[in-house]
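# Notes for the structure review
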Amino acid sequence: MITVNVKLFGPLKDILHADEVKVNVSPPYNGEAAFNALAEMYPELRAWKSSVRLAVNLEYTSFDRTLTSGDEISFIPPVSGG
Amino acid sequence: MITVNVKLFGPLKDILHADEVKVNVSPPYNGEAAFNALAEMYPELRAWKSSVRLAVNLEYTSFDRTLTSGDEISFIPPVSGG
Amino acid sequence: MVSITTDPIDVASIYQAVQSVHAGGIVLFAGTVRNRSQGRRVNALEYSAYIPMAEKLMAAIEEQMRAQWPLHHVVLVHRVGMLALGEVAIVTAVAAAHRKEAFEACRFGIDRIKAEVPIWKKEHFEDGQEWVVGRDDADTPMT
Amino acid sequence: MVSITTDPIDVASIYQAVQSVHAGGIVLFAGTVRNRSQGRRVNALEYSAYIPMAEKLMAAIEEQMRAQWPLHHVVLVHRVGMLALGEVAIVTAVAAAHRKEAFEACRFGIDRIKAEVPIWKKEHFEDGQEWVVGRDDADTPMT
């Protein structure tokens, strides 16, 4: 079991009512496992699974990226800057 | 015989050392006739014949455009604004 | 130069920052808060960002711009926080020797920022608030 | 709004003139006097215009822009006279609801002005002067 810090923004922040949350991730210790662990606590998140992108340590990456304890990750909702 | 006012700009103004010149135009009283009349007085102009555009009363037009006495015309060298 | 700021963006000072005797062409884009979105009256826009990641991606976009076009100066600034109508949310400004490069690079900059950079806007209406998510570009209030 | 002016062009005030709560995107192009042209050091640029015809054509260009794109504000200003290095010779500025239209219209405006409007520039070098005539766009000092 590893623990990662998940940063929350936009609509996801509104769902969790938090800027950041620590999540325990089981094997295979990747982005998808982290999302599923979070969505188990917050079922409203499930609807976002297909539209968010994973960022690990400030970089976009794929959901199968292996995580390490202490990683800062974020599930990035579709952006709307500008 | 008609008389038109020819406005001069850029390199053409430098050739004639004038902003404006009156030119008597013979038949067929068109832009080309006006250019030829002017080039007879200022042979240096001949080199410009293929690159200037004719303007009559502030509008671009073709060299075969018929002129009327008192028209304000100009032989517009390639522009370089901006 | 890239930045995310909570302060009002001063367009005139950005213009001053990019202009120089080496650059013949400057193109500046400013995105401002419009009073309507999809037919509804907007009162304000609230921008939030994943700031360190946004700054990192904006710096990468500046690098891509400089790699593709010979540019003298690049400024990419995005504001966050609550913005009133007419306020400037983003400026992308580019100075180059010639206008073609300046136009292309400036357009690339704003397009990439809107596509990639983790910044989100929430529209504040008379009767509620709404995150702008996955909306077609042409329909967003700020394009 | 179009004009030919002998006064210095104030980019900041043009930005103010085009921005509004109806327009989400503003694109501003400024053409300034560059210190080099075709490898030679430029001291100044002198612009002259067939002013009434230039204003008429610039007004027609503004009309063409407004016919092709939904624009809130358009400013096309060209300066004439002797300009020092770094000074602004031309500004084309456009405000539209969305950035795509603003970019396209602004680019169209400067492209048409450079192609059609009877304005000429003379480069002043250390050792002489030269009208810029029929030079490729990419080679002109001010594009």
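Note that the structure is predicted; figures quoted are calculated from it, not measured. (Residues numbered from 1 in each chain as written. Chains lettered and ligands numbered in written order. Predicted model: local features only at pLDDT ≥ 70, side-chain atom pairs only at ≥ 80, totals over all residues. Heavy atoms only, no water.)

### Let's talk about the overall build of chain A
- Scanning chain A from terminus to terminus reveals 2 helices and 5 strands.
- Reading chain A from its N end, one meets helices and strands in the order β-α-β-α-β-β-β.
- Against the compact-globule benchmark of 12 Å for 82 residues, chain A has a radius of gyration of 12 Å, which places it among compact chains.
- A burial count over chain A gives 50% of its 82 residues as buried.
- Within the structure as shown, chain A displays about 3,900 Å² of accessible surface, and the carbon and sulfur contribution to it stands at 48%.
- Each charge sign in chain A was given a centre, from 7 positive and 10 negative side chains, and these centres are 1 Å apart. (Helix = DSSP H or I, 4+ residues; strand = E, 2+ residues; numbered from the N terminus. Rg over C-alpha atoms; globule rule 2.2 N^0.38 Å. Buried < 20%, exposed > 50% of the residue type's maximum accessible area, 1.4 Å probe, protein only. Areas by Shrake-Rupley, 256 points an atom, 1.4 Å probe, with all protein chains shown as cover. Lys, Arg positive; Asp, Glu negative; His and termini not counted. Charge placed at Lys NZ, Arg CZ, Asp CG, Glu CD.)

### Let's talk about the interface of chain C and chain D
- Counting from both sides, the interface comprises 39 residues of chain C and, opposite them, 39 residues of chain D.
- Both faces considered, chain C and chain D share a buried interface measuring about 3,200 Å² in area, 51% of it formed by carbon and sulfur atoms.
- Area buried by chain C at its contact with chain D is led by C:Val21, C:Arg99 and C:Phe103, which between them contribute 23% of it.
- Inspection of the chain C/chain D interface yields 2 salt bridges.
- Along the contact surface separating chain C from chain D lie 13 residue pairs in polar contact (both at pLDDT 80 or more).
- Among the secondary structure elements, those contributing two or more residues to the side of chain C that touches chain D are α1 (11-18), β2 (25-32) and α3 (99-116) of chain C. (Contact = heavy atoms within 4.5 Å. Buried area = accessible area lost by both parts, 1.4 Å probe. Salt bridge = Lys/Arg side-chain N within 4 Å of Asp/Glu carboxyl O. Polar contact = N/O pair within 3.5 Å; in protein donor to acceptor, adjacent residues only side chain to side chain.)

### Considering the nonpolar core
- One finds C:Met65 and D:Met65 to be the most contacted residues of the largest nonpolar core, which totals 83 residues.
- Not counting the four nearest positions on each side in its chain, D:Met65 is found in contact with D:Leu71, D:Val74, D:Leu76, D:Val94, D:Ala105, D:Phe108 and D:Gly109.
- Grouped together as the second largest cluster of nonpolar side chains are 30 residues, C:Val11, C:Val88, D:Tyr15 and D:Leu28 included. (Core = buried A, V, L, I, M, F, W, Y, C linked by side-chain atoms within 4.5 Å.)

### Observations regarding the environment of C:Ala115
Residue and element names in this part refer to chain C.
- The residue Ala115 is located in helix α3 in this model.
- A residue is classified by how much of its surface remains accessible, and Ala115, at 42% relative accessible area, is partly exposed.
- Each C-alpha atom, one on Ala115 and one on Ala67, is 19 Å from the other, the two residues being 48 residues apart in sequence.

### Structural notes on the sheet that holds strand β5 (residues 72-76) of chain A
Residues and elements named next belong to chain A.
- Within the open sheet, the 5 strands sit side by side as β2-β1-β5-β3-β4. Their pairing is mixed. The strands lining the two open edges of the sheet, one partner per strand, are β2 (20-25) and β4 (59-61). Across this sheet, the average inter-strand angle for adjacent strands is 35 degrees, counted without regard to direction.
- Sheet topology places strand β3 (residues 53-56) next to β4; 3 bridges connect them, and they run antiparallel. Paired with Val56 across the bridge in β4 is Glu59.
- Packing of helix α2 (residues 31-41) onto the sheet brings it into contact with β1 (2-7), β2, β3 and β5, and relative to β2 it is tilted by some 115 degrees. (Pairing = 2+ DSSP bridges. Axes fitted to C-alpha atoms, helices over the stretch in contact; angles between N-to-C directions.)

### Points about the pattern of salt bridges
- Taken as a whole and judged by the stated rule, the model has 26 salt bridges over all chains.
- Across the pair D:Lys122 and B:Asp14 runs a salt bridge whose closest N-O atoms are separated by 3.3 Å. With D:Lys122 in strand β8 (residues 119-125) and B:Asp14 in helix α1 (residues 10-16), this pair bridges two chains.
- Linking C:Arg40 and C:Glu130 is a salt bridge whose minimum nitrogen-to-oxygen distance equals 3.6 Å. With C:Arg40 in strand β4 (residues 40-49) and C:Glu130 in strand β9 (residues 128-131), this residue pair connects regions lying 90 residues apart in the sequence.

### A closer look at the confidence of the model for chain C
- Confidence along chain C averages 93 in pLDDT terms, with 94% of residues attaining 70 or more.
- With a pTM of 0.93, the predicted complex shows an ipTM of 0.93. (pLDDT = per-residue confidence, 0-100.)

### Details of the sheet that holds strand β3 (residues 53-56) of chain B
Residue and element names in this part refer to chain B.
- In spatial order, the strands read β2-β1-β5-β3-β4; together these 5 strands make up an open sheet with mixed pairing. The sheet is open, and its two edges are formed by β2 (20-25) and β4 (59-61), each paired on a single side. Strand-to-strand twist of the sheet, defined as the mean angle between neighbouring strand axes without regard to direction, takes the value 35 degrees.

### Some remarks on helix α2 (residues 31-41) of chain B
Residues and elements named next belong to chain B.
- Listing the buried residues of α2 in full gives Gly31, Ala33, Ala34, Phe35, Leu38 and Ala39.
- On the buried face of α2, the contacting elements are β1 (2-7), α1, β2, β3 and β5 (72-76).
- At the N-terminal boundary of α2, the capping side chain belongs to Asn30, with an oxygen 3.2 Å from the backbone nitrogen of Glu32.

### Details of the interface of chain B and chain D
- In this complex, chain B contributes 20 residues to the contact, which on the side of chain D involves 23 residues.
- Buried area between chain B and chain D, summed over both chains or domains, comes out near 1,800 Å², and the portion from carbon and sulfur atoms is 62%.
- Looking only at chain B, the three residues that lose the most surface to chain D are B:Leu58, B:Ser80 and B:Gly82, adding up to 35% of its buried area.
- At the junction of chain B with chain D, the criterion picks out 2 salt bridges.
- Our count for the contact surface shared by chain B and chain D stands at 15 residue pairs in polar contact (both at pLDDT 80 or more).
- Of the residues contributing to the side of chain B that touches chain D, the split by class is 10 nonpolar, 6 polar and 4 charged. (Nonpolar A, V, L, I, M, F, W, Y, C, P; charged D, E, K, R; others polar.)

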